[in-house]
Each structure stands twice: as C-alpha cells, then as structure tokens.
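# Structural overview
If you want the building blocks of each chain, they are given just below.
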Amino acid sequence: EETALSRPITLTISAGNILVVHGSNGSGKSTLLKILAGLLPVSRGQIAQDNNEPPLYLGHKRGLTPSMSVMDNVAFWAKAAGFPELTGAALRYFDLEDAAHSRVADLSAGWQQRVALTRLITMPARLWLLDEPTANLDMAGMALLQSLIQSRTEQGGIVVIASHLPMQGPNVS
C-alpha cells in the first residue's frame, strides 16, 4: 500500500529562480529532490522540463573517496563531466588549494563539504538540486555557496534547495 508524502504538488520554476523547500526531518524534502533528479520514480503524475539536460544532484552523501586526495576527488568529477580544465578553478573558488594534496578522510566535515560542492563548478548543469548544501559549512563557506548560487541564477540556472535553514536573497521563493 502506498502512502503519499504530501498532497499533489504542481509547480513551475522559471530560469533564474531559487526554490527553497523547508520541512521537518522525514517530511519528504530529500525524496522530492531525488524524484526531481530521476533517482526515484514518480508514483503518480509526471515531471516535465523544457530541456533534456540532466540536473546536478548533490545529496547527503558527498560522493567523495576518503582515501583519495582533495585534488584527485575534484579532478575525478571534472573529468567525468568532460571538463577537466575546471579542476583548478573549483579548488581556488572553495579555497582548497592548500589542502589539494590532503586525503579527504583527514579533513573536517566542513572542508569535506567544500570538496563536494566543487561539483557545482566542475559539472555544469542548468538545474541544481541541493540537499542541505550548507551542512557543516562555516560562515565563509556559506558565503561562497550563496555567491555561487546567485551567480548560477543570474546566468539563467535554476536551483532547488532542501534545507532546515532559511535562505534569503533575490529570486528565492
């Protein structure tokens, strides 16, 4: 027997906008993002987008290899996306140059989150689906992320964020 997570949802997100989904633990925020990413099936209805470009989904699991260096993790994702030349820019943006040769396992949770967030630079996509992207970040890391999100929407991107924290700024709904 199926149990609906919520009432039916109908929404349209236009280019250049940010949608922040708030809710308590277990309310379905992560499930919604996984459905939008195509990682979980839609039980009823449909999801339509105006292009066939896959979204970039960053979930709770960071997708990092702890035994590898920061540089190797970032380079792996950049190469996988076909943009190996963006590795250096991603390291610089998230202030990871000094840690580039450190093993990810030796970093704090906040620095690991910065490494995971480099995919926002190395794996370009029009639609970003971010599940608790500010988790473990300090104020400087949050400012970098906020600036990157703002830049993405100014370029016509769409960002959907599941978060326990309120986010503010232009184009946030």
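Attention in this report is confined to the structure presented alongside it.

## Quick look at the sheet that holds strand 3 (residues 127-131)
Strand order across the open sheet formed by 4 strands is 1-4-3-2, with parallel pairing between neighbours. The two strands at the open ends of the sheet, each matched to only one other strand, are strand 1 (18-22) and strand 2 (56-58). Put simply, the sheet's adjacent strands are angled 10° from each other on average, direction ignored. In this sheet, strand 4 (residues 158-163) lies alongside strand 1 in parallel orientation, the contact comprising 5 bridges. Each residue of the ladder has a partner; that of V21, found in strand 4, is A162.

## Quick look at unusual backbone geometry
Apart from glycine, the bulk of residues carry a negative phi angle, and the bulk of peptide bonds sit in the trans form. One non-glycine residue, D95, adopts positive backbone phi at about 55°. Here D95 is to be found in the loop between helix 3 (87-93) and helix 4 (109-117). For E132, which is not glycine, the phi torsion reads 50° and is therefore positive. Mapped onto the secondary structure, E132 falls in the loop between strand 3 and helix 6 (139-154).

Parameters at a glance
Residues numbered from 1 in each chain as written. Predicted model: local features only at pLDDT ≥ 70, side-chain atom pairs only at ≥ 80, totals over all residues. Heavy atoms only, no water. Pairing = 2+ DSSP bridges. Helix = DSSP H or I, 4+ residues; strand = E, 2+ residues; numbered from the N terminus. Axes fitted to C-alpha atoms, helices over the stretch in contact; angles between N-to-C directions.

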